[in-house]
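# Structural overview
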Amino acid sequence: MTPARFLESRRTTWDRLEAIVTKATQGKLGNLTEDELRELTRLYPTVAVDVARARMYKIDPLIQQRLNQLAIAAHGLLYRRKSKPLLPAVWGFFRRDYPRLFRRLWPYMALATAIFAVSLMGAYVATRLAPANAYVFVPHGLDVGDSGPEVTSEDVSERFRQIPKPPMAAGIISNNISVALHAFALGITAGVGTCYVVLANAMMLGAFAAHFANHGLSYPFWSFIAPHGVLEIFAILVAAAAGLRLGLSLAIPGSLTRSASLRSGARDAVLLVLGTVPMFIIAGLIEGFITPAYIPGIIKIILGITVAALVITYLLVVGAEPKVSGQPTAGGST
Amino acid sequence: MQDFDIIETPENVGLQRRLAGIGSRFLAGLLDSLIIALMYLILFVILLSLGLLSTGLDANLADTAGMVLFAVLILVAFLIYWGYFVLFEAWLNGQTPGKRCLKIRVVQQEGAAVALDAIVVRNLLRVVDMQGGYAVAGVSMFVTRKIQRLGDLAAGTVVISEEIQDYAAQYDKKQKLYDSVAPAAPHLASTGIKPEEYRLLQNYWLRRHELDLDARKRLLPNLIGPILERMGTVPENQSLATLEKHLDELMRQARGTDSTVPSGETTTEEQA
């Protein structure tokens, strides 16, 4: 067969496939009729082979390129992961996959918590011993100095009350999610950036706590922080665990290649961090609406701790892994 | 760093795709940033105009409505910042408006359409890549073979160019897939140029802007010299400009001055 004959005999097929690929613009197979779909699956393999034949016949590079492009476009339409409808996928994720993922990645959570606890204690002790140390741990923007001994928890809450609640909650939620996403993304620095985020936040909290304690205001401080803070800090730690998963997968690839390890680490980590979004929404709503409300402090604390306990229970209990030795459960696994 | 990449299909054919360069990716990013800035501007204008509109309303009602709206705007701004790239890439199968303009697309390294989790990974890591005005991304793309920024490496994605590099585009943009194989020069015989010489000349002509000046100065006299000698029209002035003018004239004659589609199998480099 001569190159010319080859072109002549195949051109209708290419035209047809090109028409179908063009119709499925932007990779949406939904635009195609059932017949066209069948045709696509039938035509694509033959055109893929034509790419190789065109190379063999050394036909015009331009045609080769277009043929190649056509085959790539069709390939992209056909080979893809099966996509589930969004809502059932999200439901299944939180009903089963997310708690399992959290339990599987518990060592990272433990590591993040340890870093947090140690730096919190360090900053607390340092500020208790020498009050001026507070300035080391707290960014200059947050002026520690003006909350003198005369400040009560009511005063702190009062400042909060002056800010309208809906924008307050919205601002807190978006800010906290941003912090969490940064803690995750900075994991790409082999975990160093994530550690920094955890360290900075823990030290700030420790220094604040010690600062208030220095003035004998520990109770008002914690009753102000606890309602939303327990869940918020927990969620930040989950995000940090995700960052550590990402960073350590890059730093310590084990038996995988470094890039394969990074990719699988990133897949785990991104799901782990996305699961913190609802936690931050709950914490933000509490912080925006309940923390500044005129409710006795103790009730707020109990509420905050209960909510956090519920979230942690969810993560530890829901979606139990099917037993390896037993019968496969109805829910299925993996 | 290379500008193409081979994917092995299940049909055992290596399909070649062209990777998007740092330049086009940067431009696409710039366009997207401009669109995001425009969105923020619109949010700001909405906020301002509602503030002005509400002056006539009952103060309490306006206050509550205004606060809720303000909260919504904060959330929308947040969604734009973190969601613009994710939502567009998910919706347009790996493209954003900017990428669409530059005809580039995100795909999985293995060649499949980009998956949702990969889209989220690469765009969350954008906050690291964009440090120093995307300097981090730039360095990463420069040192990786497949021009990947950190987000791409973690997500296992590459950005490919879908623009067909069309050497003949300047002659006819609308030509069909296989038309270019047709004999391009109906009046070739009358010029006394052999078909293979014509192909060579044409290839040179179409790709001359990709060659550097020294290469052109070296190549062209070798290509066209023997032909001009045969025709007895060797010019006094052997400068590149003069020779290229002669070349253009010859090709016009061969085509009968109208712009039919050129073609060529051999490349200039192979001959050189």
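## Quick notes on the overall build of chain A
- In terms of helices and strands, chain A carries 13 helices and zero strands.
- Within chain A, the proportion of its 334 residues that are buried is 42%.
- Relative to all contacts within chain A whose residues are 6 or more apart in sequence, the contacts with residues 24 or more apart total 79%.

## Here's the deal with the interface of chain B and chain A
- Facing 44 residues of chain B, the contacting portion of chain A comprises 49 residues.
- A total of eight residues in the side of chain B that touches chain A trace back to one element, the largest contributor, which is helix α2 (residues 59-91) of chain B.
- Grouping the amino acids of the side of chain B that touches chain A by side-chain chemistry returns 31 nonpolar, eight polar and five charged.

## What about the pairing of strand β1 (residues 4-8) of chain B?
Residues and elements named next belong to chain B.
- The sheet contact formed by β1 and strand β2 (residues 14-19) spans five bridges and is antiparallel. Bridge assignment links E8 to a residue of β2, and that residue is G14.
- Counted along the chain from β1 to the antiparallel partner β2, the turn is five residues long, and its residue N12 has a positive phi close to 65°.

## Description of unusual backbone geometry
Residue and element names in this part refer to chain B.
- The backbone phi angle of K103 is positive, close to 55°, even though this residue is not glycine.
- Among the secondary structure elements, K103 is positioned in the loop between α3 (97-101) and β3 (104-108).
- Classification of K103 as partly exposed rests on a count of 15 C-beta atoms within 10 Å.
- Backbone geometry at Y134 places phi at a positive 60°, although glycine is not the residue there.
- Examined against the element boundaries, Y134 turns out to sit in helix α6 (residues 131-143).

## Considerations on the environment of R216(B)
Residue and element names in this part refer to chain B.
- Inspection of the secondary structure assignment puts R216 in helix α10 (residues 213-231).
- Here the alpha-carbon distance between R216 and Y84, two residues 132 residues apart in the chain, equals 46 Å.
- Each residue touching R216, except ones within four places of it in the same chain, is listed here: R208, L211 and L240.

## Quick notes on the domain arrangement of chain A
- When cut into domains, chain A gives domain 1 (3-78) and domain 2 (86-317).
- Placing the centre of domain 1 of chain A and that of domain 2 of chain A at their C-alpha centroids yields a distance of 52 Å.

## A few points about the sheet that holds β2(B)
Residue and element names in this part refer to chain B.
- Spatially, β1-β2-β4-β3 is the arrangement adopted by the four strands of the open sheet, whose pairing is antiparallel. Lying at the two open borders of the sheet, with one neighbouring strand each, are β1 and β3. Put simply, the sheet's adjacent strands are angled 50° from each other on average, direction ignored.

## Looking at the environment of G151(B)
Residues and elements named next belong to chain B.
- Relative to the elements of secondary structure, G151 occurs in helix α7 (residues 150-155).
- Expressed as a C-alpha distance, the spacing of G151 and V120, which sit 31 residues apart in the sequence, is 9.3 Å.
- If near-sequence neighbours (up to four positions away) are discounted, G151 is found in contact with V121, R122, N123, L125, R126 and D129.

## Section: the packing of helix α8 (residues 165-185) of chain A against helix α12 (residues 276-290) of chain A
Residue and element names in this part refer to chain A.
- For the pair α8 and α12, the least separation of the axes is 8 Å and the interaxial angle reads 145°. Both α8 and α12 take part in a crossing whose hand is right-handed. Residues K165, M168, A169, I172, I173, N176, I177 and A180 of α8 touch α12, and the partners they reach there are T276, V277, F280, I281, A283, G284, L285, E287, G288 and F289.

Rules and cut-offs
Residues numbered from 1 in each chain as written. Chains lettered and ligands numbered in written order. Predicted model: local features only at pLDDT ≥ 70, side-chain atom pairs only at ≥ 80, totals over all residues. Helix = DSSP H or I, 4+ residues; strand = E, 2+ residues; numbered from the N terminus. Buried ≥ 20, exposed ≤ 12 C-beta atoms within 10 Å, placed from the backbone. Contact = placed C-beta atoms within 7 Å. Nonpolar A, V, L, I, M, F, W, Y, C, P; charged D, E, K, R; others polar. Pairing = 2+ DSSP bridges. Domains from an automatic or database assignment. Axes fitted to C-alpha atoms, helices over the stretch in contact; angles between N-to-C directions. Left-handed = near helix turned anticlockwise from the far one by under 90°.

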